[in-house]
Amino acid sequence: MQWARYWLCQTAHPVDEIVLDLGFADVSTFSRAFRRRTSRSPSEERRQGATAGAP
């Protein structure tokens, strides 16, 4: 999930592109796994990273 957090916070890549790059079957599966690990959705992580300036 470290790469996912990096890509969400440090790039403008769409979530569906990040999902495919990480080898997940679809956005839904990735989102559930991400939320289990981080307690945040990918979009929440992206917003947090954008305001904090770091993943």
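Residues numbered from 1 in each chain as written. Predicted model: local features only at pLDDT ≥ 70, side-chain atom pairs only at ≥ 80, totals over all residues. Heavy atoms only, no water.

A. Examining the packing of aromatic side chains more closely. Following the criterion strictly, the structure yields 4 aromatic pairs and no others. Judged by centre distance (6.0 Å) and plane angle (90°), the ring pair of Trp3 and Tyr6 falls under edge-to-face. Highlighted residues: Trp3 and Tyr6, both in helix 1 (residues 2-10), separated by 3 residues, approximately one helical turn. Here Trp3 falls in the exposed class, since its relative accessible area comes to 58%. (Phe/Tyr/Trp six-rings, centres within 6.5 Å; stacked < 30°, edge-to-face > 60°. Helix = DSSP H or I, 4+ residues; strand = E, 2+ residues; numbered from the N terminus. Buried < 20%, exposed > 50% of the residue type's maximum accessible area, 1.4 Å probe, protein only.)

B. Layout of the packing of helix 1 against helix 3 (residues 27-38). Where helix 1 meets helix 3, the axes come as close as 11 Å, and the angle between the chain directions of the two elements is 100°. Overall, the two elements helix 1 and helix 3 adopt an arrangement that is roughly perpendicular. Within the contact between the two elements, helix 1 uses Ala4, Arg5 and Leu8 and helix 3 uses Phe30, Phe34 and Thr38. Residues that form the contact of helix 1 with helix 3 fall into these classes: 4 nonpolar, 1 polar and 1 charged. (Axes fitted to C-alpha atoms, helices over the stretch in contact; angles between N-to-C directions. Parallel < 35°, antiparallel > 145°, perpendicular 65-115°, else oblique. Contact = heavy atoms within 4.5 Å. Nonpolar A, V, L, I, M, F, W, Y, C, P; charged D, E, K, R; others polar.)

C. Molecular detail of unusual backbone geometry. Phi at Ser39 takes a positive value of approximately 65°, unusual for a residue other than glycine. Along the polypeptide, Ser39 turns up in the loop between helix 3 and helix 4 (42-52).

D. Seen up close, the side chain of Glu45. With respect to the element layout, Glu45 can be found in helix 4. Look at Glu45 and you get buried, because its relative accessible area is 1%. Among the polar contacts made by the side chain of Glu45, one reaches the side chain of Arg40 at a distance of 3.0 Å. (Polar contact = N/O pair within 3.5 Å; in protein donor to acceptor, adjacent residues only side chain to side chain.)

Everything listed is a geometric property; what it means functionally is a separate question.
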